[in-house]
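# Close look at the chain arrangement
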Amino acid sequence: MTEHGADVTQLLELWRQGDAASFDAASSLLYNELHRIAQAYLRGAAAHGTLQPTALINEAYIRLAERSLGAFHDRKHFFALAARIMRQILVDRARERSASKRGGGEVQHVPLDEARDGVTPHPDEFLLLHQALERLNEYDSALAAVIEFRYFAGLTLEETAELFGISTATANRRQRIGEAWLNRALSGAARPATGAG
């Protein structure tokens, strides 16, 4: 993770106070980490079409910049929001691709293991995984956040622990509980796709 955590938090605070240039400076400090998150989301990019990491970052950056003043409290919040926005962009693209191919395929399984191993799921599978992660977030946002950063943003366990200010053991425990919850939720989700929108 970045060594500029305090600088980023200070820049985000300046932005909340009305200094628009501070958001750009914070984003510049975090660009490499944002790029790594985007690359992790786009591994095995067939499910997401031809979207490249830079394009995903640019679209996410626009959405981040459009957020109301003061939306970011610190570096952790910035990353959480950036990762969520990137996932939402990919969910929107997966919905478009799934809608254009509606009616023909079946969802054989929901690839939680494949997501962890860096294989991007089929658009329908990606949507089921997204929906399950959203339900996990409603159940326990701390578990969902660890899963999102470990599986989708490509952070190591140590980086995830550092980002959330928790021990590696706590991050590992949250990951295991989150995985168990998602596996249970997804075991009933893998079924033939219907023609319904």
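Residues numbered from 1 in each chain as written. Predicted model: local features only at pLDDT ≥ 70, side-chain atom pairs only at ≥ 80, totals over all residues. Heavy atoms only, no water.

### Examining the overall build of the protein chain
Looking only at helices and strands, the protein chain has 9 helices and 0 strands in total. Start at the N end of the protein chain and walk to the C end: the helices and strands fall as α-α-α-α-α-α-α-α-α. Relative to its 197 residues, the protein chain shows a buried fraction of 45%. Taking the contacts inside the protein chain whose residues are at least 6 apart along the sequence as the reference set, 70% of them involve residues at least 24 apart. Just so you have it, the protein chain exposes about 9,500 Å², and 49% of that area is on carbon and sulfur atoms. (Helix = DSSP H or I, 4+ residues; strand = E, 2+ residues; numbered from the N terminus. Buried < 20%, exposed > 50% of the residue type's maximum accessible area, 1.4 Å probe, protein only. Contact = heavy atoms within 4.5 Å. Areas by Shrake-Rupley, 256 points an atom, 1.4 Å probe, with all protein chains shown as cover.)

### A few points about the packing of aromatic side chains
Taken as a whole, this structure holds 2 aromatic pairs when the rule is applied. Aromatic pair Y139 and W181: ring centres 5.6 Å apart, planes at 25°, arrangement stacked. With a gap of 42 residues between them, Y139 in helix α6 (residues 123–139) and W181 in helix α9 (residues 168–187) connect regions that are remote in the sequence. Given a relative accessible area of 55%, Y139 falls into the exposed group. Owing to a relative accessible area of 16%, W181 belongs among the buried residues under this scheme. (Phe/Tyr/Trp six-rings, centres within 6.5 Å; stacked < 30°, edge-to-face > 60°.)

### A word on helix α7 (residues 141–152)
A rise of 1.5 Å per residue sets the reference length of α7, with its 12 residues, at 16 Å; its end C-alpha atoms lie 15 Å apart and thus fit the reference within 8%. When you tally the buried positions in α7, you get 9 out of 12 residues, the bulk of the element. Buried within α7 we find L143, A144, A145, V146, I147, E148, F149, Y151 and F152. The residue sitting at the N-terminus of α7 and contributing the capping side-chain oxygen is D140; that oxygen lies 3.0 Å from the backbone nitrogen of A142. After α7 finishes, the residue G154 shows a positive phi value of roughly 75°. (Expected span 1.5 Å × (residues − 1). Polar contact = N/O pair within 3.5 Å; in protein donor to acceptor, adjacent residues only side chain to side chain.)

### Section: the pattern of salt bridges
In total, this model carries 8 salt bridges according to the counting rule given. Between E159 and R36 there is a salt bridge, with the nearest N and O atoms lying 3.0 Å from each other. Taken together, the residues E159 in helix α8 (residues 157–164) and R36 in helix α2 (residues 20–41) connect sequence positions 123 residues apart. What makes E159 buried here is its relative accessible area of 13%. A relative accessible area of 28% places R36 in the partly exposed class. When the shortest N-O distance is used, the salt bridge between R63 and E59 registers 3.1 Å. Taken as a pair, R63 and E59 lie in helix α3 (residues 53–66) at a separation of 4 residues, close to a single helical turn. Residue E59 is classed as partly exposed on the basis of its relative accessible area of 30%. Each of R84, R87, E134 and E148 takes part in salt bridges that share partners, so that together they form one network. (Salt bridge = Lys/Arg side-chain N within 4 Å of Asp/Glu carboxyl O.)

### So, the confidence of the model for the protein chain
Averaged over all residues, the pLDDT of the protein chain is 75; the fraction at 70 or higher stands at 72%. Predicted confidence is poor over residues 104–108, with pLDDT under 50, and the contacts of this stretch with residues over four places away or in other chains come to 11 contacts. (pLDDT = per-residue confidence, 0-100.)

### Remarks on the side chain of E148
Within the secondary structure, E148 sits in helix α7. The class for E148 is buried, based on a relative accessible area of 3%. Not counting residues up to four positions away in its chain, the partners in contact with E148 are Y41, A83, R84, R87, L133 and A153.

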